[in-house]
Amino acid sequence: MVQPDGGYSLRIRKIQFKIGNPDDSSQMEIDVKSIVIIVGPNNSGKSLCLREIEEDLGAGGTKKLVEHVDIEYSSRTEKLVEIAEEIQIEDSSGQSTSAGTIMIPRFSLKSTRGDNPTGLAVSNLETWLRRGNDRELRANLVQFHTIRLAGYELQRLIQNREVSNLDAPPDNHLMNLLKFPEKERLVRRFCSDVWPNLFFLLDNLTAGQVRIRMSNENPADRVPNTRVPLDREFLRNATPIEQLGSGIQLFVGMAAALIGLNQRFILLDDPDVFLHPPLARVFGQKMTEIALKRKGHLFVSTHSPDFVQGCLEASRSKQNVTIIRLTYDSQVGATVREVSPLEIESLRKDAFLRTTHVYKGFFYQSVIVTEGDPDRVFYDVVNQIMLENDTGISDTHFIHTYGHQNEWKAVKPLRKIGLPAVAIVDFDVVYDGGTNLSKLKKACLIEDPDLTRLQYLRAQLLPSWKSLGKKSMKGKGIDTLSDDIKKKTEAYLVELTQYGLFVVPYGELESWNVEFGISSGDKMKRIVTFLSKVDTGSISIGSERIWGFMRKIQNWLGNSKRKGLS
């Protein structure tokens, strides 16, 4: 798409997917901002999505998730020439190799040497723009302004590279840094902002190779010169990058590649691997700053809430960020949903929600919300036992909310973005009713006429519950009721489970421990006893009670037609 003069010189406007959200089978089209963050559980298609975006920015190819990436170009040829010149290479005289031709490098991140540069004729650029030839513009300009770092490439970024003649065009990112010292200084500042006593250096003392070293001594922004003896000693005393930790290697390698090259479209696949949380946050900030400064785009798939936080903090405005959540279900298939960055930011900024780690749920297939920490530990461990026996709920995130009165606060924002969040509560929640139950039902998106029917059913059952007293119902639940009332209460609880609201039918957490021979002590002591039994292997899976309860939760999560999601 050609934009009238005054528009962006080159940007991505939209991504059209071949898939939609779970409630709509039509293709999803998402407006793209400067920063695009792709989240979701494992095996949801995040890496595939990045690869297909990269393919569509170039020559294209067969794709499963991405239908089309809509690119917007300036209508002025000189603007696109300026963009091409951002990544051009020069000969020793500082000129392009021939008049009217922009020489564009073809760096390789998978080998020590790159391919021969390609020539882009300005006259061709003008013709393609005038004719609106999007295919040629992608193949001859956009793809060279695109860099994707993932897996194999991340491991190779710090490896030694071949040294070519400094008067010749560089053919790898380290040679580009070596040829242009100001770029090396940018990498040094980039890294020393994170590690004040660790300084990036390039070493070409070994014939035919250039390598990365990190020095504890500040070179005061001078470029070591191998022809000066003092500088040779300075370089030898610096630590080879491969002798430092994996996190430092990854961080420095990506910084060297992204600053050594100058692409506008940066695609990063799981850049937070090996990065501990504070470093992932800083890296998110730095990557966002680079993309905004280049007036380009950062596309990143991540499992790190800290990386996302860094991106949001450095984005200047949440309007600069697009968040896409991908999921994959064997019944539903692949789905995509846009998540408002303001929603994630509100989860992160809310002190209560931040301490409960609700926002980490974005990176899982589902979330299970419990009342307190003993509940969270118990259900999590029970699920682990089931998973070890080839059953159980995989890829789920357990959290607690310091009491049932707060569960709605966690469930509501997760359900709002279409993330299946289960709420587990003790029987006293439905016994007491009132505001807490009302908020929880609204958070689970129960609406009329089901809401009215559930209120009616509870009103019919409440007198029988109260005749036995709250203490009895909280301690033993439906086991204290007559057969007729028990069946009706069970039917009421089943209605709630259809919306992912699971009430402990036998009263409270402690009631589950009876079948394990644990009947004394307070909640925490019972949990400790339970864990000790797990360690000794004396806990075995049964067909009823807690095991049946967890299977019902699993069934709701696995039901593609489940109720209670937006």
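Scroll up for the structure.
Source: prediction; values computed, not measured. (Residues numbered from 1 in each chain as written. Predicted model: local features only at pLDDT ≥ 70, side-chain atom pairs only at ≥ 80, totals over all residues. Heavy atoms only, no water.)

Asks: Would you explain the nonpolar core in this entry?
Replies: Within soluble globular proteins, side chains that are nonpolar tend to cluster in buried spots. Counting 126 residues, the largest nonpolar core has I212, F378, Y379, W465, I546 and I553 as its most contacted members. When residues in this core are grouped by element, the largest group, 10 residues, is from helix α9 (residues 246–260). When neighbours within four sequence positions are excluded, W465 is seen to be in contact with F427, V430, Y431, R458, M473, L481, T489 and Y492. The next biggest cluster of nonpolar side chains, apart from the first, holds 40 residues, and it includes V32, Y73, F265 and V336. (Core = buried A, V, L, I, M, F, W, Y, C linked by side-chain atoms within 4.5 Å. Buried < 20%, exposed > 50% of the residue type's maximum accessible area, 1.4 Å probe, protein only. Helix = DSSP H or I, 4+ residues; strand = E, 2+ residues; numbered from the N terminus. Contact = heavy atoms within 4.5 Å.)

Asks: Would you mind showing me how to read the side chain of T489 here?
Replies: As for its position among the elements, T489 is in helix α20 (residues 483–497). The exposure class assigned to T489 is buried, which follows from its relative accessible area of 0%. With residues near it in sequence (within four places) discarded, T489 still touches F427, L461, W465, I478 and L481.

Asks: Explain helix α2 (residues 77–85) to me, please; I cannot follow it from the model alone.
Replies: One full turn of an α-helix is made of 3.6 residues, so residues set three or four places apart face in the same direction. Within α2, burial applies to T77, L80, V81, I83 and A84. Seen end-on, α2 carries its buried residues on one side only, within an arc spanning 160 degrees. (Arc of directions from axis to C-beta.)

Asks: I would appreciate a short explanation of the pairing of strand β13 (residues 265–269) in the present structure.
Replies: A regular strand places its side chains on the two faces of the sheet in alternate fashion. The element β13 is extensively covered by neighbouring structure, given that five of its five residues are classed as buried. Residues F265, L267 and D269 point to one face of β13 and I266 and L268 to the other, with burial holding for every one of them. Two strands pair when backbone bridges link them, and strand β8 (residues 146–149) and β13 are joined in this way by four bridges, in the parallel orientation. Its bridge partner lying in β13, I147 is registered against I266. (Pairing = 2+ DSSP bridges.)

Asks: Could you clarify how one ought to interpret the environment of R376 in this entry?
Replies: When you line up the elements, R376 lands in helix α14 (residues 373–388). Using a relative accessible area of 23% as the deciding quantity, one classes R376 as partly exposed. Residues R376 and M473, spaced 97 residues apart in sequence, show a C-alpha to C-alpha distance of 22 Å. Residues contacting R376, with those up to four places away along its chain left out, are T370, F398, I399 and H400. Within the structure, the side chain of R376 is placed 2.7 Å from the side chain of D373, a separation counted as a polar contact. (Polar contact = N/O pair within 3.5 Å; in protein donor to acceptor, adjacent residues only side chain to side chain.)

Asks: Whenever I open this one, the sheet that holds strand β16 (residues 333–339) confuses me. Can you help?
Replies: As a general point, the strands of a sheet are linked pairwise by backbone hydrogen bonds and lie either parallel or antiparallel. The sheet built from six strands is open, its strands ordered β8-β13-β14-β4-β15-β16 with mixed pairing. The open sheet is flanked by β8 and β16, the only strands paired with a single partner. For this sheet, the mean angle separating the axes of adjacent strands, direction not counted, is 15 degrees. Here β13 pairs with strand β14 (residues 297–301) via five bridges, running parallel. By the bridge assignment, F265 is partnered in β14 with H297. Across the sheet, α9 is in contact with β8 and β13; its angle to β8 comes to roughly 170 degrees. Across the face of the sheet, helix α10 (residues 277–293) comes into contact with β4 (35–39), β13 and β14 while running at roughly 150 degrees to β14. (Axes fitted to C-alpha atoms, helices over the stretch in contact; angles between N-to-C directions.)

Asks: Whenever I open this one, unusual backbone geometry confuses me. Can you help?
Replies: The phi angle of most residues is negative, glycine excepted, and most peptide bonds adopt the trans form. Omega for the peptide link from D448 to P449 comes to 5 degrees, which places this bond in the cis form. Note on placement: P449 falls in the loop between α17 (434–443) and α18 (450–468). Despite not being glycine, F274 shows a phi value in the positive range, around 75 degrees. Structurally, F274 can be placed in the loop between β13 and α10. Of the residues examined, F274 reaches a relative accessible area of 58% and is grouped as exposed. If you check the backbone angles, H357 has positive phi at about 60 degrees while not being a glycine. With respect to the secondary-structure elements, H357 resides in the loop between α13 (351–355) and β17 (366–370). H357 gets classed as partly exposed once you look at its relative accessible area, which sits at 34%.

Asks: Teacher, can you tell me more about the environment of K63 here?
Replies: Tracing the chain through its elements places K63 in the loop between α1 (46–57) and β5 (66–74). Considering only alpha carbons, one finds K63 and R51, 12 residues apart in sequence, at a separation of 9.2 Å. Residue contacts for K63: discarding those within four places in its chain leaves K18, E52, E55 and D56. Within the local environment of K63, its side chain forms a polar contact with the side chain of D56, the two groups lying 3.1 Å apart.

Asks: Would you take a moment to explain the sheet that holds strand β20 (residues 501–503) for this structure?
Replies: Strand order in this open sheet of four strands is β18-β17-β19-β20, and the pairing throughout is parallel. The open sheet has two free edges, formed respectively by β18 (396–400) and β20, since each of these has just one partner strand. Sheet twist, expressed as the average angle between the axes of neighbouring strands with direction ignored, equals 20 degrees. Bridging between β17 and β18 involves five bridges; their strand directions are parallel. Across the sheet, residue V369 finds its bridge partner in β18, namely I399. Helix α15 (residues 407–416) contacts β17, β18 and β19 (421–425) of the sheet and is inclined by roughly 165 degrees relative to β19.

Read these as layout, nothing more, since geometry by itself doesn't imply function.
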